[in-house]
Amino acid sequence: MIYKVYYQPTKIQNPKRENTKSLYVDMDSMPSARLAVEQNTAYNVEFIEELSEKALAYEQQNADFKLTEF
């Protein structure tokens, strides 16, 4: 399953909507996606969204779409 992870680049500063970024991971479950991001980055995970087939097709049209591997 492909998950879209919304995060802040650092855990030190207070979260601001303008600083929210996203990445895409292919994991078995939402908890494993959160664990992978938290163990391999210094990001502050805000939200994880499971992408449906239609949502994934839409996201793949974006030039910034790239699956992150850990």
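Before any of the text, the structure's been laid out above.
Quick summary incoming for the structure in this document. (Residues numbered from 1 in each chain as written. Predicted model: local features only at pLDDT ≥ 70, side-chain atom pairs only at ≥ 80, totals over all residues. Heavy atoms only, no water.)

## Overview of the environment of Thr68
Here's step 1: Within the secondary structure layout, Thr68 lies in the segment after α2 (53-60).
Here's step 2: Taking relative accessible area as the criterion, Thr68 reaches 23% and is therefore assigned partly exposed.
Here's step 3: Sequence separation between Thr68 and Lys21 is 47 residues, and the spatial gap between their C-alpha atoms is 13 Å.
Here's step 4: Setting aside chain neighbours within four positions, we find Thr68 in contact with Leu23, Tyr24 and Val25. (Helix = DSSP H or I, 4+ residues; strand = E, 2+ residues; numbered from the N terminus. Buried < 20%, exposed > 50% of the residue type's maximum accessible area, 1.4 Å probe, protein only. Contact = heavy atoms within 4.5 Å.)

## What about the sheet that holds strand β3 (residues 44-50)?
Here's step 1: Strand order in the open sheet formed by three strands is β2-β1-β3, with antiparallel pairing between adjacent strands. On the outer flanks of this sheet lie β2 (21-26) and β3, each paired with one strand and no other. Direction aside, neighbouring strands of the sheet carry axes that sit 25° apart on average.
Here's step 2: Pairing geometry for strand β1 (residues 2-8) and β3, over six bridges, is antiparallel. In the sheet register, Lys4 faces β3, and the bridge partner there is Glu49.
Here's step 3: Lying on the sheet, helix α1 (residues 30-40) is in contact with β1, β2 and β3; it crosses β3 at an angle near 150°. (Pairing = 2+ DSSP bridges. Axes fitted to C-alpha atoms, helices over the stretch in contact; angles between N-to-C directions.)

## Section: the side chain of Thr41
Here's step 1: For Thr41, the location among the structural elements is in the loop between α1 and β3.
Here's step 2: One polar contact links the side chain of Thr41 to the main-chain carbonyl oxygen of Val37, over a distance of 2.5 Å.
Here's step 3: Among the polar contacts listed, one links the side chain of Thr41 to the backbone nitrogen of Tyr43, at a separation of 3.3 Å. (Polar contact = N/O pair within 3.5 Å; in protein donor to acceptor, adjacent residues only side chain to side chain.)

## Remarks on the packing of aromatic side chains
Here's step 1: Summed over all chains, the structure comprises three aromatic pairs.
Here's step 2: Aromatic pair Tyr24 and Phe65: ring centres 4.7 Å apart, planes at 50°, arrangement tilted. Here Phe65 lies in the segment after α2 and Tyr24 lies in strand β2, a separation of 41 residues in the sequence. (Phe/Tyr/Trp six-rings, centres within 6.5 Å; stacked < 30°, edge-to-face > 60°.)

## Overview of α1
Residue pairs spaced three or four apart in an α-helix point in one direction, given the helix's 3.6 residues per turn.
Here's step 1: Taken together, the buried positions of α1 are occupied by Ala33, Ala36 and Val37. The arc that holds every buried residue of α1, seen down its axis, measures 95°, which confines them to one face. Opposite its buried face, α1 presents the exposed residues Pro31 and Gln39, each directed more than 90 degrees away.
Here's step 2: On its buried side, α1 packs onto β1, β2 and β3. (Arc of directions from axis to C-beta.)

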